[in-house]
Amino acid sequence: MDQKHPITKNGFDALEEELKHLKTHERPKVIKAIAEAREHGDLSENAEYHSAKDRQGMIEARISYLENKINMSEVIHINKGEAASKVIFGATVTLQDEDHGDRIKKYQLVGSDEANIEKNLLSITSPLGRALIGKEVGESVEVTTPVGPMYYTIKNIELI
């Protein structure tokens with residue numbers, strides 16, 4: 001049996017929205033482009049046809065990928081607004097860099113499929129994510145990085 005992957009409701013909704021868009025907009029658009037390109041005759045030298053077929057292949061591959069991700073996902077519901085005593089999946093954690101006290105970072109711990117460091121979405125499977133799980137406000141965590149260990153103090157834990 002395959003193992004389910006944790007995901008937030010927002011992450012799951014984003015996967016479903018992209019899948020819906022591909023099926024209802026992109027797929028019909030590329031099918032129409034293929035039909036129009038076929039009308040131009042000889043397909044062996046028809047660049048529009050080959051381009052549309054390539055696009056169709058990419059769309060179908062993405063649809064298959066998203067359907068698999070959705071089927072393998074387990075939505076973890078977060079009781080928003082509650083105080084969290086420990087870092088758990090879905091929590092937003094405020095960290096202070098112990099080496100640079102003025103550096104404050106804030107991350108939400110999410111599943112690996114929805115992680116995006118630019119949006120402060122940190123995978124629970126990342127080294128920092130693994131180090132944070134189960135910790136409390138005031139605790140320090142050490143994370144091994146390619147440039148050496150980094151130390152953070154947990155300043156706040158929220159479920160937002």
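All residue numbers refer to position in the chain's written sequence, counted from 1. Two thresholds apply to this predicted model, a pLDDT of at least 70 for residue-level local features and 80 or more for giving and counting side-chain atom pairs, whereas whole-chain, interface and lining totals are computed over all residues. Only heavy atoms go into the side-chain values, all of them from the structure, while hydrogens and water stay out.

Colleague: What am I meant to see in the overall build of the protein here?
Modeller: On a plain count of helices and strands, the protein comes out with 3 helices and 7 strands. When the elements of the protein are put in sequence order from the N terminus, they spell out β-α-α-β-β-β-β-α-β-β. When we talk radius of gyration, it's over C-alpha atoms, and the globule rule is simply 2.2 Å times the number of residues to the 0.38. At 22 Å, the protein has a C-alpha radius of gyration far larger than the 15 Å of a compact globule built from 160 residues. Projected onto the principal axes, the alpha-carbon positions of the protein cover approximately 70 × 35 × 30 Å. Note on contacts: a residue pair qualifies if any of its non-hydrogen atoms lie within 4.5 Å across the two residues. The long-range share in the protein, meaning contacts at least 24 apart out of those at least 6 apart in sequence, stands at 53%. Within the structure as shown, the protein displays about 10000 Å² of accessible surface, and the carbon and sulfur contribution to it stands at 50%. Between the averaged position of the 21 positive side-chain charges in the protein and that of its 27 negative side-chain charges there is a distance of 3 Å. Helix and strand definitions follow DSSP, with helices as H or I runs of at least four residues and strands as E runs of at least two, each counted in order from the N terminus. Exposure was quantified through the Shrake-Rupley algorithm and a 1.4 Å probe, taking into account, for residues, occlusion by the shown protein chains and nothing else. A residue counts as positive if it is Lys or Arg and as negative if it is Asp or Glu; His and the chain ends are not included. Throughout, a charge is located at the NZ atom of Lys, the CZ atom of Arg, the CG atom of Asp or the CD atom of Glu.

Colleague: Just to check I follow, could you spell out the packing of helix α1 (residues 9–38) against helix α2 (residues 47–71) for this structure?
Modeller: For any two helices packed against each other, the geometry is given by the interaxial angle and the distance between the axes. Between α1 and α2, the least distance of the axes is 9 Å, while the angle of their chain directions is 160 degrees. For the element pair α1 / α2, the angle class is roughly antiparallel. The two elements α1 and α2 cross, and the hand of that crossing is left-handed. A breakdown of the residues in the contact of α1 with α2 according to their chemical character gives 15 nonpolar, 1 polar and 13 charged. For helices, the fitted line uses only the C-alpha atoms of the stretch in contact; every axis is such a line through C-alpha atoms, and the angle between N-to-C directions lies from 0 to 180 degrees. Any angle that falls under 35 degrees is termed roughly parallel, while one over 145 is termed roughly antiparallel, one within 65 to 115 roughly perpendicular, and all others oblique. In this scheme, a crossing is called left-handed if the near helix is turned counterclockwise away from the far one by less than a right angle; it is called right-handed if the turn is clockwise. Each residue gets one label: Ala, Val, Leu, Ile, Met, Phe, Trp, Tyr, Cys and Pro are nonpolar, Asp, Glu, Lys and Arg are charged, and the others, such as Gly, are polar.

Colleague: I keep staring at the pairing of strand β3 (residues 92–97) and nothing clicks. Help me out?
Modeller: Taken residue by residue, a regular strand's side chains alternate between the two faces of the sheet. In this scheme, a residue with accessible area under 20% of its type's maximum is buried, one over 50% is exposed, and one in between is partly exposed, where area comes from a 1.4 Å probe on protein chains only. Of all the 6 residues making up β3, 5 are buried; the element is thus mostly covered by neighbouring parts of the structure. By this definition, two strands are paired if DSSP reports at least two bridges between them. Two elements, β3 and strand β4 (residues 104–110), share 5 bridges in a ladder whose sense is antiparallel. Its bridge partner lying in β4, Thr92 is registered against Gln108. With 6 bridges joining them, β3 and strand β7 (residues 148–158) adopt antiparallel strand pairing. Across the sheet, the residue bridging to Val93 is Ile157, located in β7.

Colleague: Looking at this model, I keep getting lost on α2. Mind explaining?
Modeller: Note on helix geometry: an α-helix contains 3.6 residues per turn, so any two residues three or four positions apart are oriented the same way. In a helix, the anticipated span is given by 1.5 Å times the number of residues less one. Helix length check: α2 (25 residues) gives 36 Å between terminal C-alpha atoms against 36 Å at 1.5 Å per residue, within 8%. Among the residues making up α2, those that are buried are Tyr49, Ala52, Gln56, Ile59, Ile63, Leu66, Lys69 and Ile70. The inward-facing, buried residues of α2 abut α1 and β2 (73–75).

Colleague: How do you make sense of α1 when you look at a structure like this?
Modeller: When the terminal C-alpha atoms of α1 are compared, their 42 Å separation across 30 residues agrees well with the 44 Å that a helix rising 1.5 Å per residue should span. Buried residues of α1: Gly11, Phe12, Leu15, Leu19, Leu22, Glu26, Val30, Ile34 and Ala37, and no others. Residues of α1 that are buried make contact with β1 (5–7), α2 and β2.

Colleague: For this particular structure, what's the right way to read the environment of Asp13?
Modeller: Relative to the assigned elements, Asp13 resides in helix α1. Asp13 sits 57 residues away from Ile70 along the chain, and the two C-alpha atoms are 9.5 Å apart.

Colleague: What is the right way to look at the nonpolar core in this model?
Modeller: Soluble globular proteins: nonpolar side chains tend toward being buried together. In this structure, Val87, Val93, Leu95, Leu128, Leu132 and Ile154 are the most contacted members of the largest nonpolar core, which totals 18 residues. Elements with a minimum of two residues in this core: β3, β4, α3 (127–132), β6 (140–145) and β7. In this structure, Leu128 is in contact with Leu95, Tyr107, Leu122, Val141, Val143 and Tyr152, ignoring residues within four places of it in sequence. Here, the term nonpolar core denotes a set of buried Ala, Val, Leu, Ile, Met, Phe, Trp, Tyr and Cys residues that are joined through side-chain atoms within 4.5 Å.

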